[in-house]
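Per-entry structural report
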Amino acid sequence: MTVHYERLSNLDASFLALESRTTHMHVGAVAIFDPGPHSSSDGVDIATIRALIASRLDQIPRYRQRLATVPFEGHPVWVDDEHFHLDYHVRHTALPSPGTDQQLKDLVGRLMSQQLDRTRPLWELWVVEGLANGGFALVGKIHHCMIDGVSGIDLMAVILDFTPDVRIEGMEPWQPRPAPNGTELAVKEISRAISGILAGLGSFGSLHVDIDGVRNDLAHRLRAVGASLSSGWLTPTGKTPLNGDIGPSRWFDWLELPLDDVKTIKNEHGATVNDAMLAIVSGGVRNYLLGEGGLTPDEVAATEFRIMAPVSVRAESEQGTLGNKVAMWLMTLPVGEPDPARRIAAVMEATRNLKDTDQALGASTLVQVSTGAPATLVGLAARLASGIRPFNMTVTNVPGPQFPMYLAGSRMTASYPLVPLWQSHGAGVAIFSLNGMVDIGINMDRTLIARPEVLTQAIRDAFEELKATPARAPEPPKKVKKAPPMGTR
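What comes next concerns the included structure.

What counts, and where the lines are drawn
- Residues numbered from 1 in each chain as written.
- Predicted model: local features only at pLDDT ≥ 70, side-chain atom pairs only at ≥ 80, totals over all residues.
- Heavy atoms only, no water.
- Helix = DSSP H or I, 4+ residues; strand = E, 2+ residues; numbered from the N terminus.
- Contact = heavy atoms within 4.5 Å.
- Areas by Shrake-Rupley, 256 points an atom, 1.4 Å probe, with all protein chains shown as cover.
- Pairing = 2+ DSSP bridges.
- Axes fitted to C-alpha atoms, helices over the stretch in contact; angles between N-to-C directions.
- Buried < 20%, exposed > 50% of the residue type's maximum accessible area, 1.4 Å probe, protein only.
- Core = buried A, V, L, I, M, F, W, Y, C linked by side-chain atoms within 4.5 Å.

1. Looking at the overall build of the protein chain
Broken down by element type, the protein chain carries 14 helices and 17 strands. Across the protein chain, the fraction of contacts at a sequence separation of at least 24, relative to all contacts at a separation of at least 6, is 80%. Roughly 23,000 Å² of accessible area belongs to the protein chain as shown, and the carbon and sulfur atoms make up 57% of that amount.

See the structure below:
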């Protein structure tokens, strides 16, 4: 009998190691849909939605797999779940009348406060009916060890359709592949490690490479690693009213901005869309610290506020695959700058430096060289890094489709993403562009943040402020007074 399992990468496994009672490591999204042929004010045809999802699970096999652990080593692996039931994962609920946005936000906050069951496939989809307009919402919750933001978009393309036509294809009955028992798993992993060593030795003698090319690439990678480490990963950042001891309960809020307005900001200041969004978040954090945070302008000016921004390093050949293919940018937001134009200029300078020093390559190289380290050491390093708090907030920005998408004939009108909160982080911001709009989801800790709507409004106010601010002419270089020639004094 042939058994099957797949080993998690060290990066994927680190998201399991980071999880604690108060630090939930699932990502998520709230998608809003108009009424359609299988939904109305009378309810949602959940059987059709489940049948549609079931017909496409063959394209996303990870959704029918659970975790197992290699004996002694402790590294996690994926095995097929012999007790998989779709009804457990695709759940159906409803909002009480009148079905307001706030009721939906409250529900999402409660759902995201609960961790996923590690004995089952690590995902849930909640179909929520009862929205005021007769439509429904789809609340997704997936463990970060399964996907990153870009692969999450690939999954959206599998579940959703480009037309309102409902397409439920026939499917073959699914048969789980046998999972190895503990002894088999241990033996196979030892064999895999030995085979890897022998393969490396066997290929060494016949290796013909451009030594100068290897040397240059290694030097480039070492410079990138040095730039990445020196950006702040090894030093703690300052504590702000958005940082402290967090609990397990969450708020979730969202806002929506016109993409054309964001592009206008981008064009006015010669920036990118990502620069514009980071400047808006920077202004929002500044507004929050000055208002709800109770800091003075001088205190905010002295605040170092770093963010971690995931950057995709997924190769074109890896599109459609699950798992994480990301590196982490670390950058300081100019929250102390009161001028919106200078704030976006500072963001542009920071992102330009990150690109010039290739810090995404440096961060991904650090992940690659950790391959083969025991899972216990990887987990320990991850927990130590989170204890240092090298950054204050996660901000992720993923471009989405600029055309309509449908589920069971219903048009998706918005999709608000959710990023997990790391240890001591009171808020995380996730950004997703969809069909002419920029949808922003804000995940917040209920212990540190008493009024979630205040941070949301602070970000909206920063957007309006930046939209109304013209670009500043670059300041001329200061003239350096020349010293008089020798002997003329």
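2. A word on the sheet that holds strand β6 (residues 76–80)
With antiparallel pairing, three strands are arranged side by side in an open sheet as β1-β6-β5. The open sheet terminates on both sides in strands that have one partner only, identified here as β1 (6–7) and β5 (65–69). As judged from the two bridges shared by β1 and β6, these two strands associate in the antiparallel manner. Looking at β6, one finds that E6 is bridged to W78.

3. Describing the sheet that holds strand β15 (residues 410–418)
Sheet architecture is open: six strands sit in the order β7-β8-β9-β2-β15-β14, paired in mixed fashion. Where the open sheet ends on each side, the last strands, each with one partner, are β7 (90–94) and β14 (406–407). Of the pairings in the sheet, the one linking strand β2 (residues 26–33) to β15 comprises six bridges and is antiparallel in character. Each residue of the ladder has a partner; that of V30, found in β15, is Y416. Sheet contacts for helix α4 (residues 101–112): β2, β7, β8 (123–129), β9 (136–143) and β15; angle to β9, the most-contacted strand, approximately 20 degrees.

4. Description of the pairing of β2
Of all eight residues that make up β2, seven are buried, and the element is covered over most of its length. Across eight bridges, the pairing between β2 and β9 is antiparallel. In the strand pairing of β9, V30 is matched with V139.

5. As for the nonpolar core
One finds W123, M146 and L407 to be the most contacted residues of the largest nonpolar core, which totals 49 residues. At the level of elements, α1 (10–17), β2, α2 (46–54), β8, β9, α5 (149–159), β12 (326–333) and β16 (427–434) are the ones that each hand at least two residues to this core. Here this core takes five residues from α2, the largest share from any one element. Aside from chain neighbours lying at most four places away, what touches W123 is Y63, F84, L86, H89, V90, L116, K141, I142 and M146.

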